[in-house]
Structure formats: C-alpha cells, structure tokens
Amino acid sequence: MSSFASEVKNELARLTYDSACCRRAELSGLLRMGGTLTLGPNMTLGLTFTSENAAVARKALVLMKEIKEVKTEIAVRRSKRLSKRASYIVRVAPAANVREIIDDLGLGLSTLPTAAHGGKILKKSCCRMAYLRGAFLAGGSVNRPAAEYHMEFVTANYPFAELIQSILRRIDYPAGLGERKDDFVVYMKEGDAIEDMLAIFGAEEAASEFEVTRNVKEVRNQVNRLVNCETANLNKTASASAAQITAIRRLAARQGITRLPKALRETARARLEHPEASVTELAKITGVSRSGLYHRLRKLSDMAGE
C-alpha cells in the first residue's frame, strides 16, 4: 500500500498551471530541494534532479523541457538492495547557456532567495506557493490523518530551511524548525494548517480525505473521552459507596442502626438498599438535597471512624 505522502505527490505531479512564473517557481523549488549542479567541459554547468517518485521525476522533466535550447534526459537507477526503490534521474546536459538558466531560476549565487531577501522568483504570492509545492514534491512528507498530524520539509541546507519556514510564517502557518541527524526539518503539526496547505497546493483529493478522516478521528476521540470520563465517575461512585457501606455495617455491628438518629438511620438504610446509586441518585430516592445527603453520609463515616 502506498504512503499518504506518495499519494499526495502523485496528485500534485499531475497538476498543470497556466502561469509561466508559477511553473518556473515550482521548478526552482524542486531543483533547490532535490537538484545538484554538474560540471562539464570548459567550466560549463548542468543540472541533475533525483527522486524515488516516478511522477515527481516526470513533473521535473516536463518543467525542464520548457526551458529552450537545453538537452534533457531521464534515467533509472536500480538499487541492488531489496529494501530500496529505484531512483529516477533527470538531467540537463552541461551547456554554455545553463548558467544563465540557473540564475533565471533563482539558483545562482546572485539570485538565490533567502529568508531575508526573497528575490524576484518569489515576488508573487502564487509563486511562493508554487515554490513550496516544488520543495514538498522533492523533499516533503505528510502523515496520513488517521495518525499523528505532521507535515514536513527536509533539507540538508539550513538557509533553505529558514527560507521555507519564513514563507510559511509569512502566510501565518505555524511552522517549526528542528534538526534530524544531518538534516534540517521544517514541520507543521496542526491539523487545520496541514489540511489548508494540501488544499492550497492543489491536492484536492488528499485535502478531502484528510478532512473526512480527521473529522472521524476527532469524533472517535471525543467519544473515548466521554467513555473514559463516565468510567472514572462509575469507579469513583463504586469506591465511595463501598466505603460508606463498610462504615454503616461497622456501626450496625457495634451499636445497631436503630439507635442512630432518624435522619442518619434513614440514610444508612437507603445506602444499604441501593449500593450502586450515586450520591445524586440516592438524594432523589431519600428526598434530601445532595449536599444534605452527602453531609449525612460523611457523619456516618466519621462515627464509624471514632
């Protein structure tokens, strides 16, 4: 069974956008998260993008093919280890014009966006979301909503992690930043924020599943809380009743119930006849207020303790 994160990425990889700036921003996020620069003859540069998700690799290839006058290719690398899936490698061959393309995509030293300076690639709000979508496709993950709410972006590049966090916080999403081994993780743990993010990304099917599963989960949790509360109340009632009955029987053995004052005698007999009743229920049976009955039961316990 595929993971929820894979299902989300497969859905996002199928999306198309009319805006050229958003396609460029998404490619920029993809390459900054999962791409590397390669060096060719005469100090020419190339690009390589690697992913274990075939749909994501195909999306990267489609976006790269929009770049004019570059040679693109895709290859599959099979792992010798059974536990590892195949990797899909998309390449732009080194060429003289690739350096200019790198700068245009916001991947060059002079155009690289940071948390302090977003750069021209992130000027528009739609482009910022496309950039995050590309970063998620290349290095993001999200838990199935039935489990713990968790969405994350994982990168070995700290300035890039800071940039992702700043974009999320700029649109009021509660994103944290932490470390995991040699990586930096930008994460969100609020169900509302994750559901909204999936919808904004364009993963409507995933957002719908998240909403339905989340609602079922919250109803189930509420029912469990009520059941646990009721169970705790029943246990408390049973314990209190047992202690009261023990005290009354101790008094009966020592001096007899008939020698008790009338009010206490009636209360003692009512408790013995209705051992399962709560104080509230016993008050209704005896026609006494709850506080009055509680005071009488307390008096019986004190007398037994003397």
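Preceding this paragraph is the structure being described.
Remember, predicted model here, so these are calculated numbers, not experimental data.

## Some words on the nonpolar core
Ranked by size, the top nonpolar core spans 63 residues in total, and within it V8, M151, F153, I164, L168, L198 and F201 carry the most contacts. With 8 residues, helix α5 (residues 125-139) is the single largest residue contributor to this core. For V8, the residues in contact, after removing those within four places along its chain, are F136, V142, L198, A203 and A206. In this structure, A247, L251, I257 and L260 belong to the second largest nonpolar core, which totals 17 residues.

## Let's talk about the sheet that holds strand β5 (residues 140-142)
Ordered in space as β5-β6-β8-β7, the 4 strands form an open sheet in which the pairing is antiparallel. Each of the sheet's edge strands pairs with one partner strand only, and the pair in question is β5 and β7 (176-180). Taking each pair of neighbouring strands and ignoring which way they run, the sheet shows an average axis angle of 25°. The pairing of β7 with strand β8 (residues 183-188) spans 5 bridges and is classified as antiparallel. In the sheet register, L177 faces β8, and the bridge partner there is V186. Where helix α7 (residues 191-201) meets the sheet, its contacts fall on β5, β6 (151-155) and β8, and the angle it forms with β6 comes to roughly 70°.

## Observations regarding a nonpolar patch on the surface
A surface patch of nonpolar side chains, amounting to about 240 Å² of accessible area, comprises V219, V223 and V227. Relative to the elements of secondary structure, V219 occurs in helix α8 (residues 204-254).

Reading guide: rules and limits
- Residues numbered from 1 in each chain as written.
- Predicted model: local features only at pLDDT ≥ 70, side-chain atom pairs only at ≥ 80, totals over all residues.
- Heavy atoms only, no water.
- Core = buried A, V, L, I, M, F, W, Y, C linked by side-chain atoms within 4.5 Å.
- Buried < 20%, exposed > 50% of the residue type's maximum accessible area, 1.4 Å probe, protein only.
- Helix = DSSP H or I, 4+ residues; strand = E, 2+ residues; numbered from the N terminus.
- Contact = heavy atoms within 4.5 Å.
- Pairing = 2+ DSSP bridges.
- Axes fitted to C-alpha atoms, helices over the stretch in contact; angles between N-to-C directions.
- Patch = residues over 30% accessible without salt bridge, like charges linked within 9 Å, V, L, I, M, F, W, Y side chains within 5 Å.
- Areas by Shrake-Rupley, 256 points an atom, 1.4 Å probe, with all protein chains shown as cover.
- Salt bridge = Lys/Arg side-chain N within 4 Å of Asp/Glu carboxyl O.

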